[in-house]
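# Understanding the architecture of this molecule
Okay, here's what each chain looks like letter by letter:
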Amino acid sequence: MKLALLARLLSVGRAVLAALRGSLGALCWSLAPLPLPGWRDSGPRPQREQEWDDATPTPTSVNYHFTRQCNYKCGFCFHTAKTSFVLPLEEAKRGLAMLKEAGMEKINFSGGEPFLQDRGEFVGKLVQFCKQELELPSVSIVSNGSLIRKQWFEKYGEHLDILAISCDSFDEDVNILIGRRQGKKNHVENLHKLRQWCREYAIAFKINSVINRFNVEEDMNEQIKALNPVRWKVFQCLLIEGENSGEDALREAQKFVISDEDFDRFLDRHKDVSCLVPESNQKMRDSYLILDEYMRFLNCRNGRKEPSKSILDVGVEAAIKFSGFDEKMFLRRGGKYVWSKAEMKLDW
């Protein structure tokens, strides 16, 4: 009799626990993430979060846009200064440690302009943390290069695998038209200076170029071969609603857009450049894991940047399900390559 009563009580207890667990899970997902002190999460949220794939992707390579602020005014920019928020350093480190635990092997710091925050000290400390503490195989930065000083290389260079500098033209007049300039500093001359510093401090040098209406007819063969980057990433100008297109956008990039045929002609003109890595709009939109300044994954599948909840609030696995990330496209476009400078065996 007593055993039967005890069994019945245990059964009821399990049912109550299961119900509470389900209610708690639903409550967690229905609530917006609780903000950190001073954190104004003003970013847009999707009307309906959709789980795009039953299989949770692994965050092998992550692009962390920790700031939206920039000292340049590139007309086609698709990650514009909609906020001035930057996570506190320790919170950023906490999120990076969570990503490492979830399988991250490569982190790329971007913006905005990453060297604008604390004159490069913020990104420097993150680079050092990721290499020394997290022991990530690859740590990289994408920058316009205008604010990088030699002292930064002396302090943090040993922890950086790849430095990618954005350069869309080797004609300064074109750079001015695009908005890739501040004051009287020559962008191309600075590019060559940074190339030399990367040699001195054993950092793999990379170039990113956005092909648009103002540079699509340019022949860059000679200049790229002379600079000899490990990779030359060539992107097709991309429209993102709310960023560089639409009523609530801070940029209007329509005048920069080129056709797929124009992009293909540019690629064909540079087909003999061995380090060329072309990326069309389709490849770009679905095959990058992008974290915004709040550490939310940005889903670009609908032509907008629709944020997940922050990994700091719900964890990496829960947030990444709503990233829209196409892991197969990531691998197909060559997203995983020899990205640790220790394995590149380069002649510095």
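Residues numbered from 1 in each chain as written. Predicted model: local features only at pLDDT ≥ 70, side-chain atom pairs only at ≥ 80, totals over all residues. Heavy atoms only, no water.

### A closer look at the overall build of the protein chain
Within the protein chain, the secondary structure is distributed over 13 helices and ten strands. By residue count, 51% of the 348 residues in the protein chain fall in the buried class. When contacts within the protein chain are restricted to residue pairs at least 6 apart in sequence, those whose partners lie at least 24 apart make up 76%. Accessible surface, the protein chain: about 17100 Å² in total, of which carbon and sulfur atoms supply 50%. (Helix = DSSP H or I, 4+ residues; strand = E, 2+ residues; numbered from the N terminus. Buried < 20%, exposed > 50% of the residue type's maximum accessible area, 1.4 Å probe, protein only. Contact = heavy atoms within 4.5 Å. Areas by Shrake-Rupley, 256 points an atom, 1.4 Å probe, with all protein chains shown as cover.)

### Here's the deal with the packing of aromatic side chains
Within this structure, the stated rule accounts for 15 aromatic pairs. With centroids separated by 5.1 Å and ring planes inclined at 70°, the aromatic side chains of Phe115 and Trp152 adopt a geometry described as edge-to-face. Of this pair, Phe115 sits in the loop between β2 (106-110) and α3 (121-133) while Trp152 sits in helix α4 (residues 150-156), and the two are 37 residues apart along the sequence. Relative to Phe256, the ring of Phe214 lies with its centre 5.2 Å away and its plane at 65°, an arrangement referred to as edge-to-face. One end of the pair, Phe214, is in the loop between β5 (204-211) and α7 (221-227); the other, Phe256, is in the loop between β6 (231-236) and α8 (260-269), with 42 residues separating them in the sequence. (Phe/Tyr/Trp six-rings, centres within 6.5 Å; stacked < 30°, edge-to-face > 60°.)

### Observations concerning helix α2 (residues 89-101)
The end-to-end C-alpha distance of α2 is 19 Å, a good match for the 18 Å that 13 residues give at a rise of 1.5 Å each. All buried positions along α2 are accounted for by Glu91, Ala92, Lys93, Gly95, Leu96 and Leu99. Of the residues one or two after α2, Gly103 is the one with positive phi, at around 120°. (Expected span 1.5 Å × (residues − 1).)

### Here we look at the layout of surface pockets
Roughly 990 Å³ of internal volume is contained in the largest pocket. Breaking the lining of the largest pocket down by element, the ones donating at least two residues are β1 (61-65), β2, β3 (138-143), β4 (162-166), β5, β6 and α9 (281-286). Element by element, the count of residues in the lining of the largest pocket is highest for β3, at four residues. A per-class count over the lining of the largest pocket returns 22 nonpolar, 16 polar and twelve charged. (1 Å grid on protein atoms, 1.4 Å probe; cavity = no way out; pocket = protein on both sides within 12 Å on 5 of 7 lines; lining within 4 Å. Points joined across faces, edges and corners; volume = space filled by probe spheres on them. Nonpolar A, V, L, I, M, F, W, Y, C, P; charged D, E, K, R; others polar.)

### A short note on the pairing of strand β10 (residues 306-310)
When you tally the buried positions in β10, you get four out of five residues, the bulk of the element. In the sheet, strand β9 (residues 296-299) pairs with β10 via three bridges, with the strands oriented antiparallel. For Asn299, the partnering residue across the bridge sits in β10 and is Glu306. The loop that links β9 with its antiparallel partner β10 comprises six residues; one of these, Gly303, has a positive phi angle of about 80°. (Pairing = 2+ DSSP bridges.)

### Description of the side chain of Asn244
On the secondary structure map, Asn244 appears in the loop between β6 and α8. Reaching out from Asn244, the side chain makes a polar contact with the backbone oxygen of Phe76 at a distance of 2.9 Å. Residues contacting Asn244, with those up to four places away along its chain left out, are Phe76, Cys77, Phe78, Leu238, Leu239, Ala249, Arg251, Glu252 and Ala253. (Polar contact = N/O pair within 3.5 Å; in protein donor to acceptor, adjacent residues only side chain to side chain.)

### Some thoughts on α3
The end-to-end C-alpha distance of α3 is 17 Å, a good match for the 18 Å that 13 residues give at a rise of 1.5 Å each. For α3, the full list of buried residues reads Phe122, Val123, Gly124, Leu126, Val127, Phe129 and Cys130. Lining the buried residues of α3 we find β1, α2, β2, β3 and α4. Positive phi shows up at Glu135, right after α3, with a value of about 55°.

### Topic: the side chain of Glu218
Position of Glu218 among the secondary structure elements: in the loop between β5 and α7. No salt bridge is formed by the buried Glu218; its nearest oppositely charged neighbour, Arg269, is found at 8.1 Å. A polar contact is formed between the side chain of Glu218 and the side chain of Ser169, at a distance of 2.7 Å. Once you skip the residues sitting within four places of it in the chain, Glu218 turns out to touch Asp168, Ser169, Phe170, Asp171, Phe266, Arg269 and His270. (Lys, Arg positive; Asp, Glu negative; His and termini not counted. Salt bridge = Lys/Arg side-chain N within 4 Å of Asp/Glu carboxyl O.)

### So, the nonpolar core
Core analysis: the biggest nonpolar cluster contains 66 residues, and Tyr64, Leu96, Ile107, Phe109 and Trp232 have the highest contact counts within it. If you tally residues by element for this core, the top one is α3, at six residues. Look past the residues within four positions of Trp232 in its chain and what remains in contact with it is Ile207, Ser209, Met220, Ile224, Phe266, His270, Val273, Cys275, Leu276 and Val277. The next biggest cluster of nonpolar side chains, apart from the first, holds 13 residues, and it includes Tyr72, Cys237, Ala253 and Ile290. (Core = buried A, V, L, I, M, F, W, Y, C linked by side-chain atoms within 4.5 Å.)

### Concerning the packing of α2 against α3
Angle between the axes and distance between the axes: these two values describe a pair of packed helices. Two numbers describe how α2 lies on α3: the axes approach to 11 Å, and their chain directions differ by 35°. The handedness of the crossing between α2 and α3 comes out as right-handed. For the pair formed by α2 and α3, the contact residues are Leu89, Ala92, Lys93 and Leu96 on the first element and Phe122, Lys125, Leu126, Phe129 and Cys130 on the second. Along the lines of polarity and charge, the residues of the contact of α2 with α3 split into seven nonpolar, no polar and two charged. (Axes fitted to C-alpha atoms, helices over the stretch in contact; angles between N-to-C directions. Left-handed = near helix turned anticlockwise from the far one by under 90°.)

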